[in-house]
2 protein chains.
Amino acid sequence: MGTSSEIVETPPLTAKGQATRDRIVAAAARLIFERGVAGTGVEDVKSAAGVSSSQLYHYFADKQELVHAVIAHQSEAVVDGQQPLLGRLDSIEALRAWRDQAVAIQRSLHCQGGCPIGSLAGELAETDPESRARIAAGFARWEQAIAQGINAMHERGDLPAEIDPEELALAILAAHQGGLILTQVRRDPAPLEAVLDAIVDHVASLHSRARREPISSLDG
Amino acid sequence: MGTSSEIVETPPLTAKGQATRDRIVAAAARLIFERGVAGTGVEDVKSAAGVSSSQLYHYFADKQELVHAVIAHQSEAVVDGQQPLLGRLDSIEALRAWRDQAVAIQRSLHCQGGCPIGSLAGELAETDPESRARIAAGFARWEQAIAQGINAMHERGDLPAEIDPEELALAILAAHQGGLILTQVRRDPAPLEAVLDAIVDHVASLHSRARREPISSLDG
DNA sequence: GTTTTTCTGGACTGTCAAATCCAGAACGCG
DNA sequence: CGCGTTCTGGATTTGACAGTCCAGAAAAAC
């Protein structure tokens, strides 16, 4: 896995150089999260990171490449930021706890910013194919993290056998994204709560169905 | 309802003038749908609509105002484009038909563009508060259209009494949005299918629960 | 039919942000 | 301690693009 176009190359890079690069990416990520890609100038990034033009263009060929680095950075941050809950979504209680966490995060941000990856998606999907592909990869990692727990439930027999766990994980991710967008636009956590409650209830309903029919019949 | 800041004013406007204005908005809406707000220059809109600078700035004070008009335009188009199904989501079959329609639309677009309102949301929510409010209003209309049918089911006793129909409608809208984003990013209708199936199944499960307990107890 | 308002053409301007360039400093390495 | 590579500073160029202006055509008003 991962033979083709992950990250093209990273010419050596000194310890100090790496630090500067990281500082630039971190500053860019923060600004872009707050103001969007189009709303964030290279100039803003420079002053926020405390670097000069030549430094920035020493590490990144152009703004687009910087954006790509930000996508990678946020893809990690988003998954890491939801741990340890995200990696263990293998029970209804775990799902509810994760739901509460997601809602709490939005509340603490006053429902601003939305999803660090999702908002990039809306802005870049039709603009830059390379970005679109990288965002898709970020979502894939996220989806996989969710699928881990759902798969565990499934194998344990806590979900009906005919259910596709990957599909369910995908639905959970999609629900989360949709909730985030509406919550961001309305500046109100209600949509996120509503959709996460609905999807978790749905999983719970599948769970109780599985326990009622421990071994499902093979034909429909 | 709607006493305050709907549309500020529209100085008279001749029949021909109205036509030109509409042409500009339609062209802008199409381009923005395809390339995003930041990716669409005023110049592009001018040539696409076949108008000159002075015409465009005769009808709109600046690009931002044009964007606002596009938001209003798409808010209508999105709801209208889903009729008559959207207005009658008052049964499980209707929900499934609507789901199929939503998926079919994405297929026909090759999963490009996402949601005409949703993608605007991602791009403008943190950039322009005025746009954010107008997008929220657009979503509200959409939500209301969904709620109509859900409310009908609820009043008919097809959903458990303790369920809040508005909340469920909000969850359906959010699920749709999330599915659209992932579908757009992955260029694959699977996420939309997965999340809409999940949410419709959830409603179906509520439905069968309601029919099992036709009159619910008043206390929790 | 003249007068007034609305509408249109297209050249022009100003701004602002992305990207370049030429040094020169710091650092790694033998 | 030389020698090359990596890294940094900041002035400068370039170009795109939002927005302006004035003059004239078309339509409405009376």
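Everything below is about the structure shown above.
Quantities reported herein were computed from a predicted structural model and do not represent experimental measurements.

Remarks on the protein's contact with DNA strand C
In the vicinity of DNA strand C, 23 residues are found, and the nearest of them are Val 42 and Ser 53 of chain A together with Thr 14, Gly 17 and Ser 54 of chain B. For the surface near DNA strand C, the elements supplying multiple residues, two or more each, are helix H2 (42-49) and helix H3 (53-59) of chain A together with helix H1 (15-35) and helix H3 (53-59) of chain B. Of the residues forming the surface near DNA strand C, the biggest block, four residues, is contributed by H3 of chain B. Partitioning the surface near DNA strand C into residue classes produces six nonpolar, 12 polar and five charged.

What to know about the packing of helix H7 (residues 129-155) of chain A against helix H8 (residues 165-186) of chain A
All names here are of chain A. One can describe the packing of H7 onto H8 by two numbers: an axis separation of 8 Å at closest approach and a directional angle of 130°. Accordingly, the angle class assigned to the pair H7 and H8 is oblique. In terms of crossing hand, the pair formed by H7 and H8 is right-handed. Here Phe 139, Trp 142, Glu 143, Ile 146, Ala 147, Ile 150, Asn 151 and His 154 of H7 lie close against H8, whose contacting residues are Pro 165, Glu 166, Leu 168, Ala 169, Leu 170, Ile 172 and Leu 173. A per-class count over the contact of H7 with H8 returns 11 nonpolar, two polar and two charged.

A short note on the relation of the copies chain A and chain B
Rotating chain A by 180° about the axis while translating it 0.0 Å along that axis superimposes it on chain B, leaving an RMSD of 0.1 Å. With respect to symmetry, the two chain copies, as superposed, fit the operation of a two-fold axis. Closest approach to the rotation axis among the C-alpha atoms of chain A is made by Gly 178 of chain A, whose C-alpha sits 1.8 Å away. Interface overlap between copies is the fraction of interface residues in one copy that are interface residues in the other; for chain A against chain B it reaches 100%, indicating a shared surface.

Conventions used here
In every chain, residue numbers begin from 1 and rise along the written sequence. All chains are assigned letters beginning with A, and all ligands numbers beginning with 1, in the order in which they are written. Local features in this predicted model are restricted to residues whose pLDDT is 70 or higher, and side-chain atom pairs enter the listing and the counts only when it is 80 or higher, whereas totals over whole chains, interfaces and linings include all residues. Placing the C-beta atom from the backbone, one calls a residue near a molecule or strand if that atom lies within 6 Å of it. To qualify as a helix, a DSSP run of H or I must reach at least 4 residues; to qualify as a strand, a run of E must reach at least 2; elements of each kind are numbered from the N terminus. Residue classes follow a fixed rule: Ala, Val, Leu, Ile, Met, Phe, Trp, Tyr, Cys and Pro count as nonpolar, while Asp, Glu, Lys and Arg count as charged, and any other residue, Gly among them, counts as polar. To obtain an axis, a line is fitted to C-alpha atoms, over the contacting stretch when the element is a helix, and the angle between two such axes runs from 0 to 180 degrees between their N-to-C directions. Angle categories: roughly parallel below 35 degrees, roughly antiparallel above 145, roughly perpendicular from 65 to 115, and oblique for all the rest. Crossings are sorted by hand: turned counterclockwise from the far helix by less than a right angle, the near helix makes the crossing left-handed, and turned clockwise it makes it right-handed. Once C-beta atoms are placed from the backbone, any two residues with those atoms within 7 Å are in contact. C-alpha atoms of residues with pLDDT of at least 70 in both copies form the basis for the least-squares superposition of the copies.

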